[in-house]
Structure formats: structure tokens, C-alpha cells
Amino acid sequence: NLVMAYHVRQSWTEAISEYELLVAEGRNVPGETRLAAASCYASVARYDEAEALLRKLVEETPTSIERNIAWLYALSDLERFDESEKASRDLVAMLSKGDLQNQSRAADYTSARLTQAMLSAYRNHYNEAEEGLNALRAEAPGSLDAIEAVGILAAWRGQARHAEEQFLDVLGEQPDRL
């Protein structure tokens, strides 16, 4: 569909126009297309529309990690930090009750924990973010996502050497990753 095609091409305004046309025509717009439209809204700083669309998607499929995480970042974009913090805690709690021996569930849990830590960093709560990432690295020592996030946080804090060490660790495992 055109919304998805424009999204992939980063033609945000065209994607939004096409999405709004579909909605105005009363068409049934699939969830993945609405997720792409929400991303486009956020990309052009229409955060309220992005958040509303993502909230609705999460209400429809509360177990979708991708939709939940996108919604958490939308809340952060709107500086609704208390709400994003509570929702991220709820998501992590929900995922921690699952079978973490299952690789897919463990990956979802790791993604939610990473998001939780990065949301703390966005609030300039770097120590809290670092504690969360260190705890995650202790739980999942081989997680390249966690190592990369530690590097990003170190870079934000002006710790260039520490950031470089983390990125080199990631690149040693996956040279094309960064």
C-alpha cells in the first residue's frame, strides 16, 4: 500500500496524506499501516497524533511489543515521562511473567528493559539508566543490544573511551551492525 511505500522512502507527509485519505474514505486500515502512519506523524513532530494512534494500537493488541515500545517513545516525545515510566514498568512486569527460556519471549523482555533504561536517559536520569542497563547486562551478558545501549549512554555522558569500547565489542561480534 502507498502508506507503507511512502514510509519506507521516508516521504512522511505523503504517507500521512495517504493515510488520512484512507481514514476519510472510511477504509479499514490494517494495524501495520497505522503503525507506519504513527511513525510518520512522529517524524514530522506531530506527536499528539502519533501517540493517539499508537495508544489505540496498543489497546487493540496489548501484547505487541513493537507497538508498546513505539507508544512508550511517543509518550516520551510528548514529555509525558511519568506515564511512559509507569507503562514501561507494566510492560516489563508483564513480560517477566512469561517463559524467558523461550528465545522470542526473552528478546521481547530484553527490548522492554532496554526501552525502560533509555526512557530514563531521555529524562536525563543517567544513573538510573546505567543501573538498569547494568542489571540487564548481568541478566543477559551476551546481549549486543544491551552492550550497544551502554555505549550510547556513555557517549551521551561524554565518556568517549567507554562508548568506543562498547561499540568495538558489538562490532567484534557483528561487524555490519553499527
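Residues numbered from 1 in each chain as written. Predicted model: local features only at pLDDT ≥ 70, side-chain atom pairs only at ≥ 80, totals over all residues. Heavy atoms only, no water.

Visitor: I keep staring at the packing of helix α3 (residues 31–43) against helix α4 (residues 47–60) and nothing clicks. Help me out?
Guide: Packed helices, taken two at a time, are described by the angle between their axes plus the distance between the axes. Put simply, α3 and α4 touch, their axes get as near as 7 Å, and they point 155° apart. Looking at the two axes, α3 sits roughly antiparallel to α4. Along this stretch, α3 crosses α4, giving a crossing that reads as left-handed. On α4, the residues touching Gly31, Arg34, Leu35, Ala37, Ala38, Tyr41 and Ala42 of α3 are Tyr47, Glu49, Ala50, Leu53, Leu54, Leu57 and Glu60. Across the contact of α3 with α4, the residue classes tally to 10 nonpolar, one polar and three charged. (Axes fitted to C-alpha atoms, helices over the stretch in contact; angles between N-to-C directions. Helix = DSSP H or I, 4+ residues; strand = E, 2+ residues; numbered from the N terminus. Parallel < 35°, antiparallel > 145°, perpendicular 65-115°, else oblique. Left-handed = near helix turned anticlockwise from the far one by under 90°. Contact = heavy atoms within 4.5 Å. Nonpolar A, V, L, I, M, F, W, Y, C, P; charged D, E, K, R; others polar.)

Visitor: Hey, could you run me through the side chain of Gln166 in this one?
Guide: Along the polypeptide, Gln166 turns up in helix α10 (residues 160–173). Gln166 sits in the buried class, given a relative accessible area of 6%. Excluding its chain neighbours within four sequence positions, the residues that come into contact with Gln166 are Arg137, Ile147, Val150 and Gly151. (Buried < 20%, exposed > 50% of the residue type's maximum accessible area, 1.4 Å probe, protein only.)

Visitor: Explain the nonpolar core here, please?
Guide: Within the largest apolar cluster, 29 residues are counted, with the highest numbers of intra-cluster contacts made by Tyr19, Leu54 and Leu91. At the level of elements, α2 (12–24), α3, α4, α5 (65–77), α6 (81–96) and α7 (103–122) are the ones that each hand at least two residues to this core. Top element by residues in this core is α5. It accounts for six residues. Apart from the residues lying within four places of it in its own chain, the contact partners of Leu91 are Ile65, Asn68, Ile69, Leu72 and Ala112. (Core = buried A, V, L, I, M, F, W, Y, C linked by side-chain atoms within 4.5 Å.)

Visitor: It is not clear to me how the environment of Ala74 should be interpreted in this structure. Could you clarify?
Guide: For Ala74, the position within the fold is in helix α5. In this structure Ala74 comes out as buried when scored by relative accessible area, which is 4%. When the C-alpha atoms of Ala74 and Gly31 are compared, they prove to be 17 Å apart, with 43 residues separating the residues in sequence. When near neighbours in sequence (up to four residues on either side) are disregarded, Ala74 contacts Glu51 and Leu54.

Visitor: Even after reading the chapter, I still don't get the environment of Leu153, so can you show me in this structure?
Guide: Summarising the element assignment, Leu153 is placed in helix α9 (residues 144–156). Considered as a pair, Leu153 and Val44 are 109 residues apart in the sequence and their alpha carbons are 25 Å apart. Those residues in contact with Leu153 that lie beyond four places of it in its chain are Ala121, Tyr126, Ala129, Glu130 and Leu133.

Visitor: In this structure, what is going on with α10? I would like to understand it.
Guide: Residues three or four positions apart in an α-helix share a direction because the helix packs 3.6 residues into each turn. In this model α10 runs 20 Å from its N-terminal to its C-terminal C-alpha over 14 residues, within 8% of the 20 Å that 1.5 Å per residue would give. When α10 is considered as a whole, its buried residues turn out to be Ala163, Gln166 and Val170. Each buried residue of α10 lies within a common arc of 65° when the element is viewed along its axis, so the set occupies one face. Along α10, exposed side chains directed more than 90 degrees from the buried face belong to Ala160, Arg161, Leu168 and Gly172. In this structure, the buried side of α10 is in contact with α8 (126–139) and α9. (Expected span 1.5 Å × (residues − 1). Arc of directions from axis to C-beta.)

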